[in-house]
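Okay, here's what each chain looks like letter by letter:
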Amino acid sequence: MEPVCKTYIGIDPGYAITGYGIISKQGSKLKVIDYGAITTKAHTDFSQRLLTINDAIRSILEIYKPDYMSIEELFLYHNTTTAIGTAQARGVVILEAARANIPVYEFTPQQVKLSVTGVGRADKKQVSEMVKRLLNLKEVPKPDDVTDGLALAICLANTGTQYAGKAVSGDQYGRYGYSNRNEFG
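Everything in this summary refers to the structure shown in the same document. All values derive from a computational prediction rather than experimental measurement.

### Some details on the pairing of strand β1 (residues 5-12)
At step 1: Across the 8 residues that make up β1, a large majority, 6, are buried.
At step 2: As paired elements, β1 and strand β2 (residues 17-26) share 8 bridges and run antiparallel to each other. Paired with isoleucine 9 across the two strands is isoleucine 22, which belongs to β2.
At step 3: Linking β1 to β2, which pair antiparallel, is a turn of 4 residues.

### Overview of the layout of surface pockets
At step 1: Empty space within the largest pocket amounts to approximately 440 Å³.
At step 2: In this structure, the largest pocket is lined by 24 residues; those nearest its centre are Asp12, Glu72, Phe75, Lys124 and Asp148.
At step 3: Elements that contribute at least two residues to the lining of the largest pocket include exactly α2 (80-99), α3 (109-117), α4 (124-134) and α5 (144-159).
At step 4: Grouping the constituent residues of the lining of the largest pocket by class yields 12 nonpolar, 3 polar and 9 charged.

### A word on the pattern of salt bridges
At step 1: Under the definition given, this model contains 6 salt bridges.
At step 2: Across the pair arginine 58 and glutamate 96 runs a salt bridge, and its minimum N-O distance is 2.9 Å. Here arginine 58, found in helix α1 (residues 46-64), pairs with glutamate 96, found in helix α2; they are 38 residues apart in sequence, far enough to count as distant.
At step 3: A residue is classified by how much of its surface remains accessible, and glutamate 96, at 2% relative accessible area, is buried.
At step 4: Lysine 132 is paired through a salt bridge with glutamate 129; the nearest N and O atoms lie 3.9 Å apart. Of this pair, lysine 132 and glutamate 129 both sit in helix α4, 3 residues apart, which is roughly one turn of that helix.

Parameters at a glance
Residues numbered from 1 in each chain as written. Predicted model: local features only at pLDDT ≥ 70, side-chain atom pairs only at ≥ 80, totals over all residues. Heavy atoms only, no water. Buried < 20%, exposed > 50% of the residue type's maximum accessible area, 1.4 Å probe, protein only. Helix = DSSP H or I, 4+ residues; strand = E, 2+ residues; numbered from the N terminus. Pairing = 2+ DSSP bridges. 1 Å grid on protein atoms, 1.4 Å probe; cavity = no way out; pocket = protein on both sides within 12 Å on 5 of 7 lines; lining within 4 Å. Points joined across faces, edges and corners; volume = space filled by probe spheres on them. Nonpolar A, V, L, I, M, F, W, Y, C, P; charged D, E, K, R; others polar. Salt bridge = Lys/Arg side-chain N within 4 Å of Asp/Glu carboxyl O.

Okay, here's the thing in structure tokens:
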């Protein structure tokens, strides 16, 4: 009996650049399906930037119909304006996943680095090189947001929900006491 093939989309949300990567996993074999960046132009009305991200994510989800989504856990930046904008872009992405009935799991940057490189404090270059190697790519995808999206997809494909929780907002459901780790099939 052949192992079940699952598809994963990883999203690195941002309001200027949202990187995404879609992979499949059958048994232990990872295969890249697609990757890219959704970009919005500076000085564009913010609501239009969010709409651009929304429409692009909706289209990607409709085309590829991934089984699971992985997204970076939001952490506080020194610039709260950037953090708020990123949180809004993240919300748009999670909303579209909910609309498509795709479960969303979140990981910290350290969890992604550990899953992809074996080192939780790996630098961007190490992560990029391992993404390239694990997916048999000829070159490292650009911009970094795209590589981060692929790394998030790899992380979820390789770890399942062992280290991830469903995407939540801060202390919603007691964040670290919230247990949904056995949902993965």
